[in-house]
Amino acid sequence: MRIDENQISEIIKNVLANVAGENVTENARSYKGVFDSMSDALEAVNKAYKQYRSYTVEQREQIISKIRELTLNEAEEMAKLGVSETGMGRVSDKIIKHQLVANKTPGTEDLSPSVMTGDNGLTLVEMAPYGVIGSITPSTNPSETVICNSIGMIAGGNAVVFNPHPNACKTANYAVDLVNRAILEAGGPENLVVSVYKPTMDTSNEMMKSPIVRMLVATGGPGVVRTLLSSGKKAIGAGAGNPPVIVDETADIKKAARDIVAGASFDNNLPCIAEKECFAVDSIADALIAGMQEAGAYLIKGDQVDALVKLALVEKDGKYSINKKWVGKDAGKFLKELGINSDARLIICETNALHPFVQVEMMMPVLPIVRVPDIDDAIEKAVAAEHGNRHSAHIHSKNIDNLTKFARAVETTIFVKNAPSYAGIGAGGEGYTTFTIAGPTGEGLTAAHSFTRQRRCVMVDGLHIV
Ligand code: NAD
């Protein structure tokens, strides 16, 4: 085989791009629905939306079934890609997250029109699409959020343009490609869901300002939610959490310990709903800690805790923030740095309520436990640690008054009683799933209905039959 000069120069270019870390973009170039520029992506999605307007609800459902099927088929591939690209989370847990998205994200059944009839005729209220929705997605659930939002938005009759997290864009764009493959296989239009190869703040701004985009959805930390809410457009903000879990003296302590270890270690504590600090009533705290150790947690003490603070957090002028290098890493990696050889899924330690492990949303498999004298003190400290995010909070108790008191005080979107935190998004608990939990703007667990606008159609003096 002869190779000409152009081919040689192309090979060299590719090798250099790989060395420079641009291979993510090079691979993404073959993805369907993924464009070089935001303006091309917007033009394509606008065209697709116009075609999609004529599709029936049955056709929407055929597309969604295909997305579910491909997501289940390719769950492992996406889980591996997510971990290898971001360096965060656990493959086995990410597979479960994709299965959850495929099986429990509502489709068109979530849309329920309403009717009013009477002497004056008949009035219909239907749930209509917004049009093209702009969606910003996080690094912590890159493909899960793309697929979950796509299902809900397509079910609502919309098209979507994504601006994924730059550090997870290969995984997010793989999911954009999967969704487009499913749409085409089901007979849908090209580019109903689009994205860009290299998402940046500039592409994000262009997307937010484009007149083509009629609604914005932000899934991420406080910065992106603030930015979207000041865009002047209809926006859904799904922001940060720092979920506390309380255990009182009436709980089944062994079960509470198992549930908390399972929830707090799931995908290395990346989920925004995961237990991030624990408040334990003093009389059961020792039994709870022993139960957590039995369930696979590793207890560190004294100097080890101080060393972990130095590793996991960055301190500036007495204020702590996360050391991004350590977000979503396995507990074993942290322990190795402390000179401990263990494959524990979770690290636990006792701290006071003002400790940075309690106050900072760490997204690491590290759970601080705070001893409290009674439920009232637990609630006061847990509400303070949640920082008014109104995101998620959890409790293990058999005392109905305590359950009710905490739920009323913390005012979170998700409140799980006597189960791991993930029961709140339908894993082992009743109800549908979502990876966009809108606390700040109040839609709660978003689904197809959240991505629609209500339209009223009135017929006077006719069509009512009694
Ligand atoms: P992040 O806030 O760093 O990034 C989220 C997205 O916003 C990314 O695409 C990023 O590029 C973009 N972004 C960030 N600042 C922006 C700005 N000022 N303007 C425009 N775009 C901006 O979040 P992350 O680290 O990828 O994810 C973790 C955070 O997201 C945690 O705080 C977690 O609690 C939260 N989260 C919330 C939900 C939810 O449903 N409420 C779901 C997942 C993650």
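Given the structure is predicted, the values throughout are model-derived calculations rather than measurements.

1. Observations concerning helix H11 (residues 253-265)
Item 1. The end-to-end C-alpha distance of H11, which contains 13 residues, comes to 18 Å, matching closely the 18 Å that a straight helix rising 1.5 Å per residue would cover.
Item 2. Listed as buried for H11 are Ile253, Ala256, Ala257, Asp259, Ile260, Val261, Gly263, Ala264 and Ser265.
Item 3. Once H11 finishes, Asp267 follows within two positions and takes phi at roughly 50 degrees, a positive value.

2. Section: the layout of surface pockets
Item 1. Roughly 480 Å³ of internal volume is contained in the second largest pocket.
Item 2. Lining the second largest pocket are 24 residues, and of these Arg53, Ala128, Pro129, Arg453 and Arg455 lie nearest its centre.
Item 3. Elements supplying a minimum of two residues to the lining of the second largest pocket: helix H3 (38-52), helix H4 (57-73), strand E3 (121-129) and strand E20 (452-460).
Item 4. At 6 residues, the largest contribution of residues to the lining of the second largest pocket is made by E3.
Item 5. Along the lines of polarity and charge, the residues of the lining of the second largest pocket split into 14 nonpolar, 3 polar and 7 charged.

3. Observations concerning the sheet that holds strand E1 (residues 34-35)
Item 1. Read across the sheet, 6 strands follow the order E1-E6-E5-E4-E7-E8 without closing on themselves; strand pairing throughout is parallel. Since the sheet does not close on itself, it has two edges, and those belong to E1 and strand E8 (234-238), each with one partner.
Item 2. Two strands pair when backbone bridges link them, and E1 and strand E6 (residues 193-196) are joined in this way by 2 bridges, in the parallel orientation. When the bridges of E6 are listed, Phe35 appears paired with Val196.
Item 3. In the packing of H3 onto the sheet, contacts are made with E1, strand E4 (132-136), strand E5 (159-163), E6 and strand E7 (213-219), and the angle to E5 comes to roughly 165 degrees.

4. Section: the sheet that holds strand E2 (residues 114-118)
Item 1. Read across the sheet, 3 strands follow the order E2-E3-E20 without closing on themselves; strand pairing throughout is antiparallel. Lying at the two open borders of the sheet, with one neighbouring strand each, are E2 and E20. On average, adjacent strands in this sheet sit at an angle of 15 degrees to one another, irrespective of strand direction.
Item 2. Here E2 runs beside E3; their pairing, made up of 5 bridges, is antiparallel. Note on E3: the bridge partner recorded for Gly118 is Gly121.

5. A closer look at the environment of Asn103
Item 1. Here Asn103 is to be found in helix H6 (residues 91-104).
Item 2. For the pair formed by Asn103 and Asp377, sequence separation is 274 residues and the distance between their alpha carbons is 40 Å.
Item 3. Every residue in contact with Asn103, bar those within four places of it in the chain, is listed here: Arg68 and Leu72.

6. Thoughts on the side chain of Ser397
Item 1. Positionally, Ser397 belongs in the loop between strand E16 (392-396) and helix H17 (400-410).
Item 2. Dropping the residues within four chain positions of it, Ser397 is found in contact with Asp248, Thr250, Ala251, Asn402, Leu403 and Asn418.

7. Section: the nonpolar core
Item 1. In this structure, Ile67, Ile147, Ile154 and Val161 are the most contacted members of the largest nonpolar core, which totals 73 residues.
Item 2. Counting only domains with at least three residues in this core, you end up with domain 1 (28-239 + 445-455) and domain 2 (244-429).
Item 3. The residues contacting Ile67, other than those within four sequence positions of it, are Ile147, Ile151, Ile154, Leu178, Val179 and Ala182.
Item 4. Within the second largest apolar cluster, 38 residues are counted, among which are Ala280, Ile395, Leu403 and Phe406.

8. Describing the site of the ligand
Item 1. Around the ligand there are 29 residues in total, and Thr137, Ser139, Gly221, Glu361 and Ile437 lie nearest to it.
Item 2. The separation between an oxygen atom of the ligand and a polar main-chain atom of His165 is 3.3 Å.
Item 3. Broken down by secondary-structure element, the contributors of at least two residues to the shell around the ligand are helix H9 (201-209) and helix H10 (222-229).
Item 4. The element that contributes the greatest number of residues to the shell around the ligand is H10, accounting for 3 residues.
Item 5. Both domains that furnish three or more residues to the shell around the ligand are identified here as domain 1 (28-239 + 445-455) and domain 2 (244-429).

9. Thoughts on empty space enclosed by the protein
To find leftover empty space, a probe the size of one water molecule is rolled over the atoms.
Item 1. Counted by the stated rule, this structure contains 1 cavity of 30 Å³ or more.
Item 2. Each pocket or cavity is described by its volume, and for the largest cavity that value is around 30 Å³.
Item 3. Forming the walls of the largest cavity are Thr105, Pro106, Cys148, Asn149, Gly152, Thr433, Thr434, Thr446, Ala447 and Phe451.
Item 4. Its residues assigned to classes, the lining of the largest cavity shows 4 nonpolar, 6 polar and no charged.

10. Quick notes on the domain arrangement of the protein
Item 1. Structurally, the protein comprises domain 1 (28-239 + 445-455) and domain 2 (244-429).
Item 2. If you average the C-alpha positions of domain 1 and of domain 2, the two centres end up 31 Å apart.
Item 3. Listed by partner, the interface residues are 13 residues for domain 1 and 20 residues for domain 2.
Item 4. Interface of domain 1 and domain 2: buried area, both sides summed, is about 1,400 Å²; carbon and sulfur atoms make up 54% of it.
Item 5. Where domain 1 meets domain 2, there are 3 salt bridges.

11. Section: the environment of Glu337
Item 1. Position of Glu337 relative to the elements: it lies in helix H14 (residues 331-337).
Item 2. Its relative accessible area of 52% is what places Glu337 among the exposed residues.
Item 3. Separated by 30 residues in sequence, Glu337 and Ala307 place their C-alpha atoms 8.9 Å apart.
Item 4. With residues up to four places along the chain from it excluded, the contact list for Glu337 reads Leu311 and Trp326.

12. Let's talk about the packing of H6 against helix H7 (residues 142-155)
Item 1. Interaxial distance between H6 and H7 falls to 10 Å at its minimum, and their mutual angle equals 5 degrees. The orientation of H6 with respect to H7, classified from their angle, is roughly parallel. Where H6 approaches H7, its residues Lys94, Lys97, His98 and Val101 are matched on the opposing element by Ser143, Glu144, Ile147, Cys148 and Ile151.
Item 2. Looking at the contact of H6 with H7 residue by residue, the classes come out as 4 nonpolar, 2 polar and 3 charged.

13. A word on the pairing of strand E12 (residues 313-316)
Item 1. Across 4 bridges, E12 lies against strand E13 (residues 319-322) in antiparallel orientation. Across the sheet, residue Val314 finds its bridge partner in E13, namely Ser321.
Item 2. Where E12 folds back onto E13 in an antiparallel hairpin, the turn is made up of 2 residues, including Asp317, whose phi is positive at roughly 50 degrees.

Cut-off values and rules
Residues numbered from 1 in each chain as written. Predicted model: local features only at pLDDT ≥ 70, side-chain atom pairs only at ≥ 80, totals over all residues. Heavy atoms only, no water. Helix = DSSP H or I, 4+ residues; strand = E, 2+ residues; numbered from the N terminus. Expected span 1.5 Å × (residues − 1). Buried < 20%, exposed > 50% of the residue type's maximum accessible area, 1.4 Å probe, protein only. 1 Å grid on protein atoms, 1.4 Å probe; cavity = no way out; pocket = protein on both sides within 12 Å on 5 of 7 lines; lining within 4 Å. Points joined across faces, edges and corners; volume = space filled by probe spheres on them. Nonpolar A, V, L, I, M, F, W, Y, C, P; charged D, E, K, R; others polar. Pairing = 2+ DSSP bridges. Contact = heavy atoms within 4.5 Å. Axes fitted to C-alpha atoms, helices over the stretch in contact; angles between N-to-C directions. Core = buried A, V, L, I, M, F, W, Y, C linked by side-chain atoms within 4.5 Å. Domains from an automatic or database assignment. Near = heavy atom within 4 Å. Polar contact = N/O pair within 3.5 Å; in protein donor to acceptor, adjacent residues only side chain to side chain. Buried area = accessible area lost by both parts, 1.4 Å probe. Salt bridge = Lys/Arg side-chain N within 4 Å of Asp/Glu carboxyl O. Parallel < 35°, antiparallel > 145°, perpendicular 65-115°, else oblique.

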